Amino acid sequence: MEKKPGSPVRLFSTYARSSTRRVRLMDGIAGKGTMAAGLLIVALLVLLLNEMFRLSLPAICHFGIGFFTSSDWDPQGERFGVLPFLYGTLVSSAIALVIAIPFGIGTALFLTELAPQRLRGAVAFVVDMLAAIPSVVYGLWGVFVLAPLMQSHVGPFLEKTLGFLPLFRGPFYGGVSMLTAGLILAVMVVPFIVAIAREVLLTVPVDLKAASYALGATQWETIWKVVLPYSRVGIGGGVVLALGRALGETMAVTMVIGNQPRINASILQPGYSMAAVLANEFNEASSKLYLSVLVEVGLTLFLVTFLINIAARVLLWRMRSVHPH
Amino acid sequence: MQGPVGTKSDKSDASPAQAASPQSGAAKINGAGSTFVYPCMTKWASEYNKKTGLQVNYQSIGSSGGINQVRQNTTDFGATDTPMNAEQMKETNNEILHIPVVMGAVAVTYNVAGVDKPLKLSGQTIADIYLGKIKKWNDAAIAKTNDGVKLPETDIVTVQRADGSGTTGVFSDFLSKVSPEWKEKVGTGLSLKWPTQGVASKGNEGVAGSVQRTANSIGYVEVVYAQQNKMAVAEIQNAAGEFVTPSVDSVSKAAADLKEIPDDLRLSITNAAAPGAYPIAGITWALARRKIANPESAKAVKDFLAFALGDEAQGMVATLNYSKLGGDLLKKARDKAALIE
């Protein structure tokens, strides 16, 4: 965590010896200040985890490991299992990534390699704007536009063409479903992937591309064999960021996922996510155990996000060490 | 207006610190709880302010939140759509009074093409629909009470509340009374394990919207939401066998001639047998500690509740689509509020 007040600072100090005292003082304050800010963040995280663990202890003691294997959710009978929510969070985020990754990278490639110079700025601006739209607005769009469309067209079409797979079977409940949630999430995370992929693609040295063209490669071959391999670690970072956003998204998801704590094979049927159940049930959770269970759901969400982030980082780190770009 | 606190209060600020410990000056009363009763409390607060200059802040944080804040003594009074349960009563050191202040109804609403007059449904039928036993709109049980209505042969989609809610509490209380199977399998509560695969939406407005957008659906909402959205509302069979439309009057009738009112006033008025009574109705209670340490805030809470139960305040609730208390229940509520010291 601690940043060493390393050599550049010292160099600067010797260089400007005339006003050394003030500079040193300012350096000291800046160094200590940033360190304090950094440590505070870590402390906050530790305290948060500690508090969540403390509050969910009654639920942990009561249900043990069964909490993660049960798909029962009965607030009256006080039987709780997190499995349907865990499933919903992971599946809706996976759907989002499957859709958002090709769109995001495609858009970024278009903006850096293919689009006319004048168009680039304008399109990039619009994509960045997508990230600034509040999630409840996406939710409303999902409820009023996307869900009816899913029920009247997309759902029946998927069932007709791919209905032999259990993944795509009706009935459709007003168009709210795991797939609808995944689609909304995809729209929400695309800007993250685009923004980062674009920055990374811009760092690909012109020399490399020129060399590729000089060898007779087409534009497509250059993109596929030179540009993308060079930037995949950076793009991977963007995908991880997008995944983090998808896993934790609450408002838009709860408006279109259908809020049913069941595990359905079909993604055209309603599901539930961890963030959504917290938002829905926290307010009126009356008993101590119920409240504790909800905190444990939050803790689970926290740990899942944490583990996925670590896994992704390890993956990126290994990719980088094998191919040092 | 001659309020001692000149500025308008910020009602949206829901931080518990704001509602913390009763004020020493008692120029301000803090309340918190049920979202259902929020418009009514706001109206009363503004009228009360005009009359007395005292300020009443009411934060709509949900019934469970109201119960918790009263128990933890972080608000002057609470409000809830479902009474505190035995466990909560036992675990609270102070004696907490349940004081009925107003009543409301839960409407059963539906979206079925071709049905042009209100459907008549019995409680048993509604329970069976939500249990998944009645699957199609043209089921014999629905057809039996709806002569001359052309019912389609389509699957019924049930819509429920996703968030914990007093609306679900009243609805499930009614179903538990009319269907032993519901009572055993599902029960009564703010959040339930629903037996049917359907859609669950957040808030009354969410359920109302889902029913409107989903063909062949059925749902339940506070009656005012069904009226605002001009939705089809079912007539429900009461214990006297009549089919009754939810209205301000038919709910008041549900509480008009109660045979036995328990001393603690934690009663349920669902499935009433009085003529013309709408059966899916519920009471909203104000919650107050019987002994309030600070005599000034005790007086302030007592006075405000006396105002709320007065003829003038009760007379204005109908315009907001609530039903006023009447008869024995109103008298007992007033007596109960007078116990605060």
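Residues numbered from 1 in each chain as written. Chains lettered and ligands numbered in written order. Predicted model: local features only at pLDDT ≥ 70, side-chain atom pairs only at ≥ 80, totals over all residues. Heavy atoms only, no water.

Engineer: So, the pairing of strand β4 (residues 96–111) of chain B: which residues are in play, and what are the values?
Structural biologist: All names here are of chain B. Within β4, 15 of the 16 residues are buried, which leaves the element mostly enclosed by the surrounding structure. Where β4 and strand β12 (residues 281–289) come together, nine bridges link them in antiparallel fashion. Bridge pairing in β12 links Gly104 to Gly282. Bridging between β4 and strand β8 (residues 217–222) involves six bridges; their strand directions are antiparallel. When the sheet's bridge partners are listed, Ala107 is paired in β8 with Val221. With two bridges joining them, β4 and strand β9 (residues 232–233) adopt antiparallel strand pairing. Opposite Tyr110, over in β9, you have Ala232 as the bridge partner. (Buried < 20%, exposed > 50% of the residue type's maximum accessible area, 1.4 Å probe, protein only. Helix = DSSP H or I, 4+ residues; strand = E, 2+ residues; numbered from the N terminus. Pairing = 2+ DSSP bridges.)

Engineer: Got a sec to walk through the interface of chain B and chain A? Specific residues and values, please.
Structural biologist: Counting residues at the interface gives 32 residues for chain B, matched by 29 residues for chain A. Of the roughly 2,300 Å² buried between chain B and chain A on both sides combined, carbon and sulfur atoms contribute 43%. Taken as a group, Lys193, Gln197 and Arg213 of chain B account for 27% of the area that chain B buries against chain A, more than any other trio of residues on that side. Here chain B is connected to chain A by one salt bridge. Put simply, Asp72 of chain A and Lys193 of chain B hold a salt bridge, and the shortest N to O gap is 2.6 Å. Taken together, the elements giving at least two residues each to the side of chain B that touches chain A come down to α2 (63–71), α3 (86–91), β6 (157–161) and β7 (199–201) of chain B. When the residues that make up the side of chain B that touches chain A are grouped by side-chain class, the tally is ten nonpolar, 16 polar and six charged. (Contact = heavy atoms within 4.5 Å. Buried area = accessible area lost by both parts, 1.4 Å probe. Salt bridge = Lys/Arg side-chain N within 4 Å of Asp/Glu carboxyl O. Nonpolar A, V, L, I, M, F, W, Y, C, P; charged D, E, K, R; others polar.)

Engineer: Explain empty space enclosed by the protein residue by residue, including any values.
Structural biologist: Rolled over the atoms, a probe as big as a water molecule pinpoints where empty space is left. Scanning the model with the defined rule gives three cavities of 30 Å³ or more in all. Approximately 70 Å³ is the volume found for the largest cavity. Looking at the lining of the largest cavity residue by residue, the classes come out as five nonpolar, five polar and two charged. Split by domain, the lining of the largest cavity shows at least three residues from each of two domains, domain 1 (6–103 + 283–337) and domain 2 (105–256) of chain B. Taken as a whole, the second largest cavity holds about 50 Å³ of empty space. Lining the second largest cavity are Val143, Ala147, Tyr173, Gly174 and Val176 of chain A together with Val199, Ser210, Arg213 and Thr214 of chain B. Here the lining of the second largest cavity is built from residues that sort into five nonpolar, three polar and one charged. (1 Å grid on protein atoms, 1.4 Å probe; cavity = no way out; pocket = protein on both sides within 12 Å on 5 of 7 lines; lining within 4 Å. Points joined across faces, edges and corners; volume = space filled by probe spheres on them. Domains from an automatic or database assignment.)

Engineer: Residue-level account of the domain arrangement of chain B, with values.
Structural biologist: Residues and elements named next belong to chain B. Domain boundaries assigned for chain B yield domain 1 (6–103 + 283–337) and domain 2 (105–256). On a C-alpha basis, the centres of domain 1 and domain 2 stand 30 Å from each other. Listed by partner, the interface residues are eleven residues for domain 1 and eleven residues for domain 2. Overall, the association of domain 1 and domain 2 removes approximately 970 Å² of surface from exposure, summing both partners, and the carbon and sulfur fraction of that is 61%. Put simply, domain 1 and domain 2 have zero salt bridges between them. Connecting domain 1 to domain 2 are two residue pairs in polar contact (both at pLDDT 80 or more). Looking at side-chain class alone, the side of domain 1 that touches domain 2 contains five nonpolar, four polar and two charged residues. (Polar contact = N/O pair within 3.5 Å; in protein donor to acceptor, adjacent residues only side chain to side chain.)

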